[in-house]
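In case you want the letters, here they are:
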Amino acid sequence: MSLDALTEIAPRIGERAGAPLLAPRTLEDLERCVAFARDAGQRLSPTGNGTRLALGAQGAGGDAWLHTPALVPTGESGILEYVSGDGTLTARAGASMDTLRAAVAEGGHRITPLLPAGSTLGGVLAAGRSGPDRQAFGPMRHHVLGMICMDGNGRVHRSGGRLVKNVTGFDLHRLHAGAQGRFGVVLEASLRLVPRAEAEVLLVSRVLSSTADAARAALHVRDLSGLKLTGLVVEARRVHVLLTGREAQIDADAARVHSALDVEEECAGEAATDALLGAWRGDAGLRLLTRPSRCAKVIEVVAAAGVREDALSVEPGAAIVVVPAGEAGRCAAALSAEAAPRLVELGVTFDARMPDAPAWCAQPRSGAAATWTRRLEEAFDPAGVFAPATRGAR
Amino acid sequence: MELAAIVGERGVRSDALARSAYESDGFMLQREAPSIVVLPRSTEEAAAAVKVLRREGLVVVPRGAGTGLTGGARPIAGGAVLGTARMKRILEINPDDRFARVEAGVVNVHLTAATCSHGLFYAPDPSSQTACTIGGNVGNNSGGPHCFKYGSTNRHVLGLTLVDSDGEITRVGGIEPDPDGIDLLGPLVGSEGMMGLVTEVTVKLEPSPERVETLLVMFESLDACCDAVSDMIAARLEPSAIEILDRLTIEAVEASVLRAGYPEHAEAVMLVEVEGGPHEVDAIATDIIELARARGAFEARRTADDEERKKLWAGRKGAFGAMGRIAPDLYVADVVVPRTRLREIVGVASRACAARGLKLSNVFHAGDGNLHPNISYDRRDADEVARVLAAGKEIMEACVAFGGSLTGEHGVGLEKQGEMCLVFGDDDLAAMSDLRAAFDPHGFWNPGKLFPVRGCREIEARPLGSEAR
Amino acid sequence: MTEAAPHARPFPTDAASLVDHARSLDCIHCGLCLTTCPTYQLTGSETSSPRGRIHLMRAVAEEREEPTVEFAEEMDFCLVCRHCESVCPAGVEFGAMMEFTRGKLEETGTRGPLARLVRWIGFRRILPSRAGLKLAVGGLALAQRLGLTRLAPLVAGLRGEVTAALPPVPPRRERRPLPAVTPARGASRGRALVLEGCVMPELFGRVNHAEARLLAAAGFETMSVPKHVCCGALHAHNGELEQARELARSTIERFDAVDDSCPVVLDSAGCGAHMREYGRLLANDPAWAARAEAFGRRVVDMSEVLAAPESLERLASRLRETTSLRGPITWDAPCHLCHGQQVRSQPLALLDALPGVERVALEGAESCCGSAGIYSVLRPSDSLEVLEPKLEALRRSGARTLVTANPGCHQQWQVGVRRAGLDVEVVHLAEALDRALEG
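Residues numbered from 1 in each chain as written. Chains lettered and ligands numbered in written order. Predicted model: local features only at pLDDT ≥ 70, side-chain atom pairs only at ≥ 80, totals over all residues. Heavy atoms only, no water.

Visitor: Help me understand the sheet that holds strand β8 (residues 144-150) of chain A in this model?
Guide: Across a sheet, paired strands are connected by hydrogen bonds in the backbone, their directions being either parallel or antiparallel. Residue and element names in this part refer to chain A. Taken in spatial order, the five strands line up as β5-β6-β10-β8-β9 in an open sheet, and their pairing is antiparallel. Edge positions in the sheet fall to β5 (79-83) and β9 (156-160), since each of these pairs with one other strand and no more. The sheet shows a mean angle of 10° between the axes of neighbouring strands, taken without regard to direction. In the sheet, β8 pairs with β9 via five bridges, with the strands oriented antiparallel. The residue bridging M147 from the neighbouring strand is S159, located in β9. (Pairing = 2+ DSSP bridges. Helix = DSSP H or I, 4+ residues; strand = E, 2+ residues; numbered from the N terminus. Axes fitted to C-alpha atoms, helices over the stretch in contact; angles between N-to-C directions.)

Visitor: Looking at this model, I keep getting lost on the packing of aromatic side chains. Mind explaining?
Guide: Aromatic rings considered in pairs are described by the distance between their centres and by the relative angle of their planes. Within the structure shown, the criterion is met by eight aromatic pairs over all chains. Each ring, one from F170 of chain A and one from F451 of chain B, has its centre 5.7 Å from the other, and the planes form 80°; the classification is edge-to-face. Taken together, the positions of F170 of chain A in the loop between β9 and α6 (172-176) and F451 of chain B in the segment after α16 (426-439) put the pair across two chains. Exposure class is identical for F170 of chain A and F451 of chain B. Each is buried. Measuring from ring centre to ring centre gives 6.0 Å for F255 of chain C and F295 of chain C, while their planes differ by 85°; the resulting arrangement is edge-to-face. (Phe/Tyr/Trp six-rings, centres within 6.5 Å; stacked < 30°, edge-to-face > 60°. Buried < 20%, exposed > 50% of the residue type's maximum accessible area, 1.4 Å probe, protein only.)

Visitor: Is there a simple way to explain the domain arrangement of chain C in this structure?
Guide: Residues and elements named next belong to chain C. Under the domain assignment used here, chain C contains domain 1 (6-108), domain 2 (115-164), domain 3 (172-305) and domain 4 (318-435). At the junction of the two partners, domain 2 supplies seven residues and domain 4 supplies ten residues. Both faces considered, domain 2 and domain 4 share a buried interface measuring about 690 Å² in area, 66% of it formed by carbon and sulfur atoms. The largest contributions to the domain 2 side of the interface with domain 4 come from L158, R159 and V162, which together make up 64% of the buried area. Here domain 2 and domain 4 share zero salt bridges between them. Of all the secondary-structure elements, those providing two or more residues to the side of domain 2 that touches domain 4 are α7 (113-126) and α9 (152-164). Ranked by residues supplied to the side of domain 2 that touches domain 4, first place goes to α9 with five residues. Residues that form the side of domain 2 that touches domain 4 fall into these classes: four nonpolar, no polar and three charged. (Domains from an automatic or database assignment. Contact = heavy atoms within 4.5 Å. Buried area = accessible area lost by both parts, 1.4 Å probe. Salt bridge = Lys/Arg side-chain N within 4 Å of Asp/Glu carboxyl O. Nonpolar A, V, L, I, M, F, W, Y, C, P; charged D, E, K, R; others polar.)

Visitor: How should the nonpolar core be read in this particular structure?
Guide: Generally speaking, soluble globular proteins have nonpolar side chains that are buried together. The biggest cluster of nonpolar side chains holds 104 residues, and the ones touching the most others in it are L160, L184, F219, I242, M270, I288 and F439 of chain B. F219 of chain B has contacts with A224, C225, A228, A266, E267, A268, M270, A292, R295, G296, A297 and F298 of chain B, leaving out every residue within four places of it along the chain. V300, A307, L319 and L429 of chain C belong to the second-largest nonpolar core, a separate cluster that totals 46 residues. (Core = buried A, V, L, I, M, F, W, Y, C linked by side-chain atoms within 4.5 Å.)

Visitor: What exactly am I supposed to notice about the interface of chain B and chain A here?
Guide: Much of the literature gives interface size as the accessible area that the parts lose upon coming together. Contact residues are listed per partner, giving 92 residues for chain B and 81 residues for chain A. Here chain B packs against chain A, burying approximately 7200 Å² in sum over the two surfaces, 55% of which is carbon and sulfur. Viewed at the interface, chain A and chain B are joined by 16 salt bridges. Among the ionic pairs, R256 of chain A bridges to E210 of chain B, the shortest N-O distance being 3.9 Å. In this structure, the connection of chain B to chain A is made through 27 residue pairs in polar contact (both at pLDDT 80 or more). Looking at the side of chain B that touches chain A, the elements with two or more residues in it are β9 (169-173), α7 (185-188), α8 (222-234), α10 (278-294), α15 (420-423) and α16 of chain B. Ranked by residues supplied to the side of chain B that touches chain A, first place goes to α16 of chain B with eleven residues. Within the side of chain B that touches chain A, the residues separate by chemical class into 40 nonpolar, 26 polar and 26 charged. (Polar contact = N/O pair within 3.5 Å; in protein donor to acceptor, adjacent residues only side chain to side chain.)

Visitor: Explanation requested: the environment of E198 of chain A in the structure shown.
Guide: Residue and element names in this part refer to chain A. Within the fold, E198 resides in the loop between β11 (194-195) and β12 (199-205). Separated by 48 residues in sequence, E198 and R246 have C-alpha atoms that sit 5.3 Å apart. Other than its neighbours up to four places away in sequence, E198 contacts G245, R246 and E247.

Visitor: So what exactly am I meant to see when it comes to the interface of chain B and chain C here?
Guide: Counting from both sides, the interface comprises 46 residues of chain B and, opposite them, 43 residues of chain C. Regarding the contact of chain B and chain C, the summed buried area is about 3400 Å², with carbon and sulfur atoms giving 54% of it. Ranking the residues of chain B by area buried against chain C places R10, L17 and R325 of chain B at the top, with a combined share of 21%. Seen at the junction of chain B and chain C, the total is five salt bridges. In this structure, R64 of chain C engages E23 of chain B in a salt bridge whose closest nitrogen and oxygen atoms are separated by 3.6 Å. On inspection of chain B and its partner chain C, the count reaches eleven residue pairs in polar contact (both at pLDDT 80 or more). Counting only elements with at least two residues in the side of chain B that touches chain C, the list comes to α2 (16-21), α12 (319-322) and β16 (329-332) of chain B. Broken down by element, the side of chain B that touches chain C gets its largest block of residues, five residues, from α2 of chain B. Of the residues assigned to the side of chain B that touches chain C, the class counts are 19 nonpolar, 14 polar and 13 charged.

And the structure:
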């Protein structure tokens, strides 16, 4: 019906997951789209290149997608400011992460999180997930210095700034990071960059007897006094340790990892991070969040429920056990019967953003937190333009 | 009385003396006595007290140790102060999962002391850390020298317990290092007590580094010292803290009980901490000294001795208080600039003060570009106060013009309300106000702070986003 | 403004000023003192913190607040441990301010009549008079012998409980005064004048004797000062400044009569901290200012003299392993030693010279035990509450001997240890060393 009116504002450039992909070229176009949807009771979903669709954008399955790369003027990189002397980057949300990474690499910087190629800045921020360098750098949202967003009122608002340290005003960008576009479209963001290390090395253990054992071995490495790890991941029952830093130090640290772990493969230089990214499957899937000391236990419960152990991707230091997307549907059924209550007992919280997540994974907020969230939704998106489509209803 | 029944006799004060003693925090320019001071001993007591205060129609200003520098804990006339000074239990230290759970009134340095035997520490280290509370740190998203490496408080809080304006107790976040979904915790950290009272905090603990060295690098000019820091950032060197102290600060510190052995003949010193593995420490320290010498540093000392290091840092952290030797009051600015422009903003500050006959000292987190131009004054001299405020404003305006910000770690509070308009427009502030109202629709918590008293009709500058609009 | 030496900075002479306003201006309100303050630890209230008290004093001085009974109460609640001074970057002379304000409160009669009577008896009739002291201590000894102190809790509540827990008054032989001269052992390194003090000879006479033996062993010809009774420290700490000045003048006279240039050595930290500051106390008295200043510079703590390299060498050669000291031992620093006189490392160096004795650290060794001169008598409940965390720390330390260096602290610990049922002996630093001293 009114989709045609929308495509008049922003041309339709394709289709994604059954909904049209619209390309607003200017901020005004975007604002008109949002205003139109608000009046017409339609639902819109901001999207980048769609690489992280498996994480399930909130509005997935809405009436249309808003393609944020379209907002980057043709022929431009989307970089608004890269201050190499200050270690900060400001770019449009639709900018390609690969472009941004290449640009800052020239100035000796790196962007955290380390993630597979193909995404946009906005997509990465909205998804709010970090990568396998989480052990050193923590959550992605810790590196967002400021943002400009357009909310469901069409209101463009800014928080934070471009500086590495700043407490002026409330940190709305912390709310938008990871909100999957629920409170609006990210337009611009500033990031704190990390220096590229002089040396990088990835150490991979032999295949251990079980994933739980591998998780224990990984924590043992974490606890080696004074050892600084950049990445700590268990894939296919092998511990992956990424070390980055000064050459001499990395040599010494690698030697210490060797003494604590039966290392089978070693890979140095830029290939190290590529190799880790290649092995890492923790980006999407059914996530079980626990505490480091309970990782092995959680893995055992999951394995006992019949989930294929080799499929699990684990970050023991960050206490995350992921059943990758491909396996998740299958294992969800196995888990739900008896394992799920045991996991709840262990204090595990679930996050399942893949579209076919089982119902028991949903842990809705209750009490005051639910009220706060509802008020935020009412304030930032009173018409529900960016509200998630009810699962299964569409 | 009802409140005394909740918090005990020692927990409620409404006599003239108590009201007077609570009339300000560390920001002395605006003072206001509260009607009542309530000091609960637990989350439950705090929640019960909130219900009573709300029913009685009082507004509430949360307070930790009252060491804030922008008036964030300054009472509202006719309102209450709700202090966490008696909530000082460390509830849990979990070395395996590297977190600690504490009541909001726990003093920052006590937490670090309690964790060090596990080979862990709590990273944010504001200069007032021997007095300020974790709850206050959460309220202001506090920083400190070591935030250069570790980041401010918001990177270290895993969860908290909030008492809201209905007196409801809610746990936000938990212990997971990287939770999913909408982040309600992030916006609460740094909310300057305007969304609720934080009564309990779960923080991340960091493993103690293998080796720590402190470098004291001496310069004949403050400009050269600033340039050396800019060079270090541009060279992407990664020590854990980079501080600068100027000559006046050095003199005040050296005259105090905290004398640290800073050279009194230097115009400026750079205090740097380097930590990590021994090879890494050595490599970074060597590079830093080389860069500093190229900028004219005439001497550089390296020490790994714990006692000596402690002294060097105690001197730095007592610098604010030591200024009491210069004049009865001190205005502490807290601006941030891109680290490429340190020298310029220091120049602006010194000209702004010189032109007004004010005494300026500089001590700051250079590595983060976070300056603290300190202006000594006497609050009894109204004309001097006016000149101080004018100089402060000039410095903030210059900072924003350089692409900087108003505050790096002290918060907006009362002090920078007006200047918020330099950075944010009406829509930005309205969105922030919406955020606040989601947590506190009644304006019960710390009203009249942070937001400009009048809206910002015209946006005077927009360092971020000018292109997007 | 604080460039001059602190002693040279006199109290205000303006009769109307209730507060040393100039000193209050040094405080910049940074709050670094808060956590050191024992009363702030108890209440969490700004009014009972150093910063809060300075704020109140300044508010009174600037006539923004009235010097009410509540004001006097907040001032009296302070233990004047001066821990805040040790951390104050602005160098606020808190102890001096508090003494001055308390003095003015006394003069203006803000306190109730009964409290004033008790103070009058204590400060005017007992402390400055050997006879008065002997009478008071004799009364306590008699009550202890008759078992009356066991009844004290019934009639005097907590104060009575504390009285009941007091250690027995030592036998008469321990209460004999020092000889006029204790000759140096080995070659003499000069003279030392020793202050015997007011309550020390009556309750801790053994400590004075031990001190004299130690000084002699370190090579000092050790002189006592005949007829001297009281240095006036307790008076000054409690605001009896006029009386304190009188006692200061007579102390200087009596000591100078014996020797007017040699060090004045003390084994009581509270007295030492006070006597070092005679210069300030008498700064407004032109006839005495210079002499008092010079006298103050001669005052040293026993541990400073004994831990000096040559002394320590001589002393160490005479120290033997002893069974009379149960290890592990621990050191609790009297506030007026570490904060009042900045003497910190010397006692530890001396204890570490004891052969075969293990020393453990006491957490919070530099925080107040709650004794604070006569505070434990005036405010027994607050005093014991201040001691509570220290007793816990003592329990955790595992020490079986606690060493201190001030009579008030000594007694407070004895009461506390007894009430807590701990098997810990409390001894003075001089006693601990003396027990290991050969022949």
